Amino acid sequence: MRVERLQLTSYRTYAQLDVSFPTGPQVIVGANATGKTNLLESVLVLGTGRSHRASVDGELISWGADFARLEALADGNTVDVVVARTPTGGGRKRVQVNGVARRPQALAAALPVVLFAPEDMLLIVGSPGLRRVAIDTLVAQTVPASAATMSNYARAVTQRNNLLRSVRDGMADPAELRYWDGVVIEDGAQIVDWRRATLASMARPLADAHGEIAPGEETLELRYLTNSPPAESESTRDALRRRLAETAEKEQWNGATLVGPHRDDLAFASGDRDLAGFASRGQQRTAILAFKLAALDLLTAAHGRPPLLLLDDVFSELDPQRRAHLVRRIGDLPQAFVTTTTTDDLDPALVAAATVWEVTPGHLERAVLPGRAR
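Residues numbered from 1 in each chain as written. Predicted model: local features only at pLDDT ≥ 70, side-chain atom pairs only at ≥ 80, totals over all residues. Heavy atoms only, no water.

Applying the stated rule across the entire model yields 4 aromatic pairs. Considering the side-chain rings of Phe 21 and Trp 357, the 5.2 Å spacing of their centres and the 70° angle between planes classify their relative orientation as edge-to-face. Of this pair, Phe 21 sits in the loop between β2 (14–20) and β3 (24–29) while Trp 357 sits in strand β14 (residues 355–360), placing them 336 residues apart in sequence. Each member of the pair, Phe 21 together with Trp 357, is buried. Here Tyr 179 and Trp 180 contribute two aromatic rings whose centre-to-centre distance is 4.8 Å and whose plane-to-plane angle is 80°, an arrangement assigned as edge-to-face. (Phe/Tyr/Trp six-rings, centres within 6.5 Å; stacked < 30°, edge-to-face > 60°. Helix = DSSP H or I, 4+ residues; strand = E, 2+ residues; numbered from the N terminus. Buried < 20%, exposed > 50% of the residue type's maximum accessible area, 1.4 Å probe, protein only.)

The next thing to look at is helix α10 (residues 320–331). Between the first and last C-alpha of α10 there are 16 Å, a value that for 12 residues agrees with the 16 Å anticipated at 1.5 Å per step. When we look at burial in α10, the residues that qualify are Arg 322, His 325, Leu 326, Val 327, Arg 329 and Ile 330. Where α10 is buried, its residues meet β3, α5 (177–213), α9 (281–303), β12 (308–312), β13 (335–340) and α11 (348–353). (Expected span 1.5 Å × (residues − 1). Contact = heavy atoms within 4.5 Å.)

Side chains that carry opposite charge are capable of pairing whenever their charged atoms lie near each other. This model, assessed by the stated rule, comprises 25 salt bridges. Taking the shortest distance from any N to any O, the salt bridge between Arg 281 and Glu 317 comes out at 3.8 Å. Here the residue Arg 281 occupies a position in helix α9, and Glu 317 occupies one in the loop between β12 and α10, the gap between them amounting to 36 residues. Residue classification places Arg 281 among the exposed positions, given a relative accessible area of 51%. Owing to a relative accessible area of 24%, Glu 317 belongs among the partly exposed residues under this scheme. (Salt bridge = Lys/Arg side-chain N within 4 Å of Asp/Glu carboxyl O.)

This part is about the nonpolar core. If you look at the biggest cluster of nonpolar residues, it comprises 62 residues, and the most contacted ones within it are Phe 268, Phe 291, Leu 309, Leu 311, Phe 315, Leu 326 and Ile 330. Counting residues per element, this core draws most heavily on α9, which supplies 11 residues. When sequence neighbours within four positions are dropped, the list of residues in contact with Phe 268 reads Leu 123, Ile 124, Arg 131, Leu 220, Glu 221, Leu 222, Arg 273, Asp 274, Leu 275, Ala 287 and Phe 291. One finds Val 3, Val 19, Ala 74 and Val 97 within the second-largest nonpolar core, a separate group that totals 41 residues. (Core = buried A, V, L, I, M, F, W, Y, C linked by side-chain atoms within 4.5 Å.)

Quick look at helix α3 (residues 128–142) now. Under the 1.5 Å per step criterion, the end-to-end length of α3 is 22 Å for 15 residues, consistent within 8% with the ideal 21 Å. The set of residues buried in α3 consists of Arg 131, Ala 134, Ile 135, Asp 136, Leu 138, Val 139 and Gln 141.

Turning our attention to the environment of Ala 231. As for its placement among the helices and strands, Ala 231 is situated in the loop between β9 (220–225) and α6 (236–246). Along the primary structure Ala 231 and Arg 242 are separated by 11 residues, whereas in three dimensions their C-alpha atoms are 10.0 Å apart.

On to the sheet that holds strand β4 (residues 67–74), then. The 6 strands are arranged β2-β1-β4-β5-β6-β7 in an open sheet whose pairing can be described as antiparallel. At either end of the open sheet lies a strand with only one pairing partner, and these are β2 and β7 (100–102). Direction aside, the axes of adjacent strands within the sheet are offset by 15° on average. Pairing of strand β6 (residues 91–97) with β7 involves 3 bridges; the strand directions are antiparallel. Looking across to β7, one finds that Gln 96 is bridged to Ala 101. Helix α1 (residues 36–48) rests against β1 (3–11), β2, β4 and β5 (77–85) of the sheet, and its axis sits at about 110° to β1. (Pairing = 2+ DSSP bridges. Axes fitted to C-alpha atoms, helices over the stretch in contact; angles between N-to-C directions.)

Written out as structure tokens, the structure reads:
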């Protein structure tokens, strides 16, 4: 996968940008707060329909503008996302693929991407929400129908929580919970099953990638930790139904839905131990890098071609051995985007093979390195 042309209008720091990218690594160099991450974020939005750092879509629109437009030509497909500002400060999205209106989940097939950002360094020891987002992003990129189900489930949990508080305050009948219970059970079970299937598909690529980077360490695994573990011969759906019944009184007291995939977690494990409890920072970085490389392999198998790899200022976090391994994987891809404040943080072989760009606020231009022609 490669982006041949990227056009941005009123997108964050870019009032207007129209740039064509060749094949191979694209190194984006610039000082902090100049727009490097904004550029990678725009490609992520075009590939997934969502940002990894905006709480609402309205944040993507340049200050004073009414809308932002993002358009890319990627492997012959035209992907177009327009975000219009709403009166409340949020954003309303319109998505088109090859001129046809589509749902955001259709973007994954047109422009599959994998992002590796500094925030991912907290993936193992950070909050469970980070790990849920990581696995759900992969589910959405491999199961087109999953995004709608996840959105419906999130709305159902919000409505159910509101109703639980009303029940607690004596303003609603507990019987009204039955409808929302059904949604939580049906959609929740489907989400859990999708997550488990994705983890099963990643098991071998994850173990292989980790074994290449750290051949002396035990096999790396990802384990699903659920608050509704099925009993023997019990389905995921039946387990959720049982746990909702068991926690009904506690949920009404707390005014919150206490079981379901929104409360589940993942564990990075080596041997019988959870890495969050014992791994050094170096071991954590190895495991996270292996996870990203396994995601590359998973999406390659799902879409029949390698996804676009986006690396946002992560080389400075990796030691020379891990950098060299990542450089080798980049070399096997049709295209990859790498941001950095200085090329000194990058492997010289990567810089030599890359097209280097210099970013300043609102602008992106080809850089001229010593000994290289523009």
